[in-house]
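Below are the chains, spelled out letter by letter.
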Amino acid sequence: MSDFVKDAAWGTGVATVTSDGTVLDVWFSELGLGDFPPDREKPEVDAANPSGTFTRGAAVAITSLAEPPVDTADVYLRLQLLSHRLVVPHSINLEGIFGLLPNNAWTNLGPIPPTLVPEVRLNLRAQGQQLHVKSVDKFPQMTDYVTPSGVRIGDASRVRLGAHLAEGTTVMHEGFVNFNAGTLGTSMVEGRISAGVVVGDGSDIGGGASIMGTLSGGGKEVIAIGERCLLGANSGLGISLGDDCVVAAGCYVTAGAKVSLPDGGVVKAAALSGKNNLMLWTNSQTGAIEARPRKGTWGELNDQLHAHN
């Protein structure tokens, strides 16, 4: 994409590696945009871990964030730049990251190759200890690497590294935020923000609400929710919304869904993508999805829930 930022980036920290040198993850204790500072060096760390892996110092320099990542350490730096809010979703190139990230067992001892889990578990049990496997995935939870200021997260396992949570955001226990996605201002998240989705300031993603991402089904359009929008409980959205829009509870609007307009016309929902001041709901008598212009507010966010994050 031509609108990727072309900034350089750098980071120093520690990497978890296997005995053959495979990098499982990198946590960056220092990172930033720009050229690698001349006074920075990778930490002098080289230690064996109880999990059978090794911890080693790491230093990464990226010439341009507009270019695709080249290895696992490069990807981890980009994901942490997002979660540290140094860049916003869709502003950096993440092409090919699934092929560069190993599938790890994420445990209380850090990342372990899944094939080593039985051996590590046996060794620990022989010492009277337990191995806890939190997930088996390419992405860890964000809070094991980045704890952004001014946010609340009810269940940290539901926010992936690479999520971008703006100051004032609250993610409730059933909320979910994927990588290269998130909020751009104060928001309530009780539903799912899928990969690639961005949510504007003052918007509320209601309980069980779902916003379609770009990973499944070949979707290419970036779904964006504007400012001061409300997705009602158990609603769903496959188009973008402008500002001051409401999708009623239980109404699922895909791009190809037929929507009835006030003048009696019918259009595909994609034709309404990005429009401001829309009200979308399902007619309880006919089952048709209807769109109407709206004025005023839906009540807006409760300031007390977000003021002291």
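Note that the structure is a prediction, hence the values are computed from the model and not measured.

(A) Summary view of the side chain of Ser-91. Locating Ser-91 in the fold gives a position in the loop between helix 1 (72–83) and helix 2 (97–100). Of note is the side chain of Ser-91, whose polar atom sits 2.6 Å from the backbone oxygen of Val-88.

(B) Quick look at the pattern of salt bridges. Evaluation of the coordinates by the stated rule reveals ten salt bridges. Its salt-bridge partner being Glu-227, residue Arg-228 comes within 3.0 Å of it at the nearest N-O pair. A residue is classified by how much of its surface remains accessible, and Glu-227, at 34% relative accessible area, is partly exposed. The network of salt bridges with common partners includes Glu-30, Asp-39 and Arg-40.

(C) View of the pairing of strand 4 (residues 54–62). Pairing analysis gives nine bridges linking strand 1 (residues 9–17) to strand 4, with the strands arranged antiparallel. Note that in strand 4 the partner of Gly-13 across the bridge is Ala-58. In this sheet, strand 4 lies alongside strand 3 (residues 46–48) in antiparallel orientation, the contact comprising three bridges. Bridged to Ala-48 within strand 4 is Phe-54. Here strand 3 folds back onto strand 4 in antiparallel fashion, the turn holding five residues, of which Gly-52 has a positive phi close to 90°.

(D) Geometry of the pairing of strand 2 (residues 23–33). Pairing analysis gives nine bridges linking strand 1 to strand 2, with the strands arranged antiparallel. Counterpart to Trp-10 in the pairing with strand 2 is Gly-32. What sits between strand 1 and strand 2 in their antiparallel hairpin is a turn of five residues, with Gly-21 showing a positive phi close to 90°.

(E) Inspection of the sheet that holds strand 15 (residues 198–199) at higher detail. Spatial ordering of the open sheet is given by 9-12-15-18, a layout of four strands whose pairing is parallel. Sheet topology places strand 9 (163–164) and strand 18 (224–225) at the edges, where each strand pairs with a single neighbour. Pairing analysis gives two bridges linking strand 15 to strand 18, with the strands arranged parallel. Across the sheet, Val-198 pairs through a bridge with Ala-224, a residue of strand 18.

The rules we used
- Residues numbered from 1 in each chain as written.
- Predicted model: local features only at pLDDT ≥ 70, side-chain atom pairs only at ≥ 80, totals over all residues.
- Heavy atoms only, no water.
- Helix = DSSP H or I, 4+ residues; strand = E, 2+ residues; numbered from the N terminus.
- Polar contact = N/O pair within 3.5 Å; in protein donor to acceptor, adjacent residues only side chain to side chain.
- Salt bridge = Lys/Arg side-chain N within 4 Å of Asp/Glu carboxyl O.
- Buried < 20%, exposed > 50% of the residue type's maximum accessible area, 1.4 Å probe, protein only.
- Pairing = 2+ DSSP bridges.

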